Amino acid sequence: MGRAGGEGAGVAGGVAGADDPVGAVRDRLPVAFGALWGELPLLASAGILVCTAGALVVLLSPGLSPLSVLLAALLISPVWGAVIATTDAVVLRDRGGVAVLLKNLRKHAFAGLGVGVVPGVVAALGLFNWQLYSGPVFAVPLAVSGCASVLLLLASCFAFSLRVTSGLRGKTLWFIALHLVARAPLVPLGVLALVFVALFLGTSVAASLLLLAPGPVALFASAGTWTSYGTEKHALHR
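In this report, the structure presented in the accompanying data block is examined. From a predicted model like this one, the values you see are computed outputs, not experimental measurements.

## A few points about the overall build of the protein chain
Piece 1. If you tally the helices and strands in the protein chain, you get nine helices and zero strands.
Piece 2. The long-range share in the protein chain, meaning contacts at least 24 apart out of those at least 6 apart in sequence, stands at 75%.
Piece 3. Within the structure as shown, the protein chain displays about 12,100 Å² of accessible surface, and the carbon and sulfur contribution to it stands at 73%.

Now the structure itself:
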């Protein structure tokens, strides 16, 4: 109990020390649903930016490989950081718009890159280990890198918002993001499910559907992050 209490206090302290945008506990999902119509220009612009970055990755390195994963981290993460900063503003302060997105692209691109490169490098290492696999000797590094990739991918669903909006960074950022994964795993799983559904529809029905996906995915990632964050913060301070 003492150890658990110490860890909980560390999480609360790390969050409280940042620029805390969350007040009372509040479900942000209704705001996200409302913004699907009210922020259509923003969501369309977000889709264009993210898909353009994704198209560059496919053009430079087709297929799934360590190089394509690293390129995705380098090219998509800065854009995604700006998109998440904007959807955070929508769900927290009802302030969005294309002008805000473009401003955040200049302001938060480097922060987004800093978040995305962590799971990107680990996932690229995991793919490299998979390509090298030729027997039981390689099973341990493959398993370690694979598990780390999955955990960091899930944590990144929280980490982008915590970085660009709360200003967390380094070990504190990833510790809190992983803590939220453990406490609210359905949020990142739901976000990744939306991504996979969008990719499936975009590749099997119409490629133009891919343009519609990034904005809503970011919106619900922001809503899920700050709902989970507010709930966890409230529980730690009771």
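Alright, that's what it looks like, and here's the rest.
## So, the side chain of Ser45
Piece 1. For Ser45, the location among the structural elements is in helix 3 (residues 40-60).
Piece 2. Side-chain polar atoms of Ser45 contact the backbone oxygen of Pro41, separated by 2.9 Å.
Piece 3. The residues touching Ser45, leaving out its near neighbours within four places in the chain, are Val98 and Leu101.

## Examining the packing of aromatic side chains
Piece 1. Applying the stated rule across the entire model yields two aromatic pairs.
Piece 2. Ring centres of Phe33 and Phe220 lie 5.0 Å apart, and the angle between their planes is 65°; on these two criteria the pair is classed as edge-to-face. One end of the pair, Phe33, is in helix 2 (residues 29-38); the other, Phe220, is in helix 9 (residues 214-236), and 187 residues separate them in sequence.
Piece 3. Owing to a relative accessible area of 17%, Phe220 belongs among the buried residues under this scheme.
Piece 4. Relative to Tyr229, the ring of Trp226 has its centre 5.0 Å away and its plane inclined at 80°; by these criteria the two rings are edge-to-face. On the criterion of helical spacing, the pair formed by Trp226 and Tyr229 is a turn pair, its members being three residues apart in helix 9.

## Some points on the packing of helix 4 (residues 66-93) against helix 5 (residues 98-132)
Piece 1. Two elements in contact, helix 4 and helix 5, have axes separated by 4 Å at closest approach and are oriented at 150°. On the basis of their axis angle, the class for helix 4 and helix 5 is roughly antiparallel. In the packing of helix 4 onto helix 5, the handedness of the crossing is right-handed.
Piece 2. Grouping the constituent residues of the contact of helix 4 with helix 5 by class yields 21 nonpolar, nine polar and no charged.

About the criteria used
- Residues numbered from 1 in each chain as written.
- Predicted model: local features only at pLDDT ≥ 70, side-chain atom pairs only at ≥ 80, totals over all residues.
- Heavy atoms only, no water.
- Helix = DSSP H or I, 4+ residues; strand = E, 2+ residues; numbered from the N terminus.
- Contact = heavy atoms within 4.5 Å.
- Areas by Shrake-Rupley, 256 points an atom, 1.4 Å probe, with all protein chains shown as cover.
- Polar contact = N/O pair within 3.5 Å; in protein donor to acceptor, adjacent residues only side chain to side chain.
- Phe/Tyr/Trp six-rings, centres within 6.5 Å; stacked < 30°, edge-to-face > 60°.
- Buried < 20%, exposed > 50% of the residue type's maximum accessible area, 1.4 Å probe, protein only.
- Axes fitted to C-alpha atoms, helices over the stretch in contact; angles between N-to-C directions.
- Parallel < 35°, antiparallel > 145°, perpendicular 65-115°, else oblique.
- Left-handed = near helix turned anticlockwise from the far one by under 90°.
- Nonpolar A, V, L, I, M, F, W, Y, C, P; charged D, E, K, R; others polar.

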